[in-house]
Each structure stands twice: as structure tokens, then as C-alpha cells.
Amino acid sequence: LGSYREFLVVFFPKNILIGQLGTYDSLGNHVPSFSDPIPLIGTISHRTIQTLGDDLFFCDVSGAQSLRRAIVTGKIEPLRISQLVDSDLQTDLNRLPLFADDKTTPFAIFDKRNYQYMLFIPNASQEDEVSETIAYAYTFIPELKISAWNKVRRWNWRTAVRSLGDTIFFSSAAKVYI
């Protein structure tokens, strides 16, 4: 699940359902409307979904995607954002079985201070074999027309979380880092 403006976004492995919130029946019950499915695009893990401003980023089997509202129609449309790193990203994603357990599944965090969607992909499918979590950092500043990818090696994070003060905390095993 993800949220995007007034929409509820329900992700499946190969489909996305966009639910319009704020619709009520005659009895006053909230009845979301799921009338705008996006076929053939999904997510490999709920841990890759990150909402930021006018975008919702996530990773599917073919790379990193964004959902944006179309200016003319107002509909939600997918946009592939990883074209520049797709070959490397595909190589790293193909090392993992689809929909691995939470200990070896890819995950992401959005760093608000640096305008970066950071996608982390373990280099092995078994937790005890993971020696590196490869990071793909997508710097995205639309106001300055900046959109760039950076691949970072030799990290071994298992999770990441953003505090209320927008500080990013990473963890590896039982250790937490700022």
C-alpha cells in the first residue's frame, strides 16, 4: 500500500490499483473507487515504495518507476526513471528471487535533505550470504532540472528509516548508524 495525494495506491507484483478516496455512499460510508488500474507494472517489495511530494517512487521487476499525475487528464501515470542505470540495476535485481523474504528483499528510503531516492539491493538471496547491499541513489530536484543516478558499493545496510527531523538512520545487524 502507498498513498499519493488523495489516492490510495495498492501494489501487486504485476499490477497497481489506484483508489480515489473521499467518495461516500448515501449512508455516509466511505467507499473508495478503484477504477484506474495500471496493468503490467507492480512492485517487487513494499519496502521500495516511497512517497515524495508530487511523486511516488518504487521498484518493479524492470527497474525504478514513478507515479505522477498527468497534467492534461489528471490521471495517474507510471514513468520509468531508471533508464540510465537499467543494465546495472537489472544485473543486481536478477541475483535475487522475486519477492524474497524481508531479510533479503530490496528496500528504499527517501532522503529529504539531499533529495535522493535511495534503493538498496542485497547481493545474495540468503541472509548469511549477503556481503554487500548495493545502493542506487537517484537525486531528483525538479525545480533545478536535476535527475541523476549514482551507484554506491561496499555498503551492507539491512534497513533504513527517516526520523521526524529528516535524519536518515541505517542499520546493519544490531547496529544503527546516522
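This write-up is about the structure you can find in this document. (Residues numbered from 1 in each chain as written. Predicted model: local features only at pLDDT ≥ 70, side-chain atom pairs only at ≥ 80, totals over all residues. Heavy atoms only, no water.)

Some points on the overall build of the protein chain
Tallying secondary structure elements over the protein chain gives one helix and 15 strands in all. Taken over the C-alpha trace, the protein chain has a radius of gyration of 17 Å; the compact-globule value for 178 residues is 16 Å, and the two agree within 12%. Judged by the C-alpha coordinates and their principal axes, the protein chain covers about 55 × 35 × 35 Å. Put simply, 43% of the contacts in the protein chain that link residues at least 6 apart link residues at least 24 apart. Side-chain charges in the protein chain split into 18 positive and 19 negative, and the spacing between the mean points of these groups amounts to 4 Å. (Helix = DSSP H or I, 4+ residues; strand = E, 2+ residues; numbered from the N terminus. Rg over C-alpha atoms; globule rule 2.2 N^0.38 Å. Contact = heavy atoms within 4.5 Å. Lys, Arg positive; Asp, Glu negative; His and termini not counted. Charge placed at Lys NZ, Arg CZ, Asp CG, Glu CD.)

Thoughts on the environment of Glu 143
For Glu 143, the location among the structural elements is in the loop between strand S11 (133-141) and strand S12 (146-152). Judged by its relative accessible area of 66%, Glu 143 is exposed. Along the backbone, Glu 143 and Arg 162 are 19 residues apart, and their C-alpha atoms lie at a distance of 23 Å. (Buried < 20%, exposed > 50% of the residue type's maximum accessible area, 1.4 Å probe, protein only.)

Considering unusual backbone geometry
It is generally the case that most residues other than glycine have a negative phi and that most peptide bonds are trans. Of note, the phi angle at Tyr 115 is positive, near 55°, even though the residue is not glycine. Along the polypeptide, Tyr 115 turns up in the loop between strand S9 (107-111) and strand S10 (116-122). Of note, the phi angle at Arg 154 is positive, near 65°, even though the residue is not glycine. Mapping Arg 154 onto the fold places it in the loop between S12 and strand S13 (159-162).

Points about the sheet that holds S9
An order of S9-S10-S11-S12 is seen for the four strands of this open sheet, with the pairing classed as antiparallel. Among the strands making up the open sheet, the edge pair consists of S9 and S12. Taking each pair of neighbouring strands and ignoring which way they run, the sheet shows an average axis angle of 15°. (Pairing = 2+ DSSP bridges. Axes fitted to C-alpha atoms, helices over the stretch in contact; angles between N-to-C directions.)

Concerning the pattern of salt bridges
Two side chains carrying opposite charge are able to pair once their charged atoms lie near each other. Enumeration according to the criterion identifies seven salt bridges in this entry. As a salt-bridge pair, Asp 88 and Lys 151 come within 3.7 Å of each other at their nearest N and O atoms. Linking Asp 88 in helix H1 (residues 86-93) with Lys 151 in strand S12, this pair joins segments that are 63 residues apart in sequence. Assessed through its relative accessible area of 37%, Asp 88 is described here as partly exposed. Here Glu 132 and Arg 153 are joined by a salt bridge, their closest N and O atoms 2.8 Å apart. Taken together, the positions of Glu 132 in the loop between S10 and S11 and Arg 153 in the loop between S12 and S13 put the pair 21 residues apart, joining distant regions of the chain. With a relative accessible area of 9%, Glu 132 lands in the buried category. On the basis of relative accessibility, which here comes to 41%, the residue Arg 153 falls in the partly exposed class. (Salt bridge = Lys/Arg side-chain N within 4 Å of Asp/Glu carboxyl O.)

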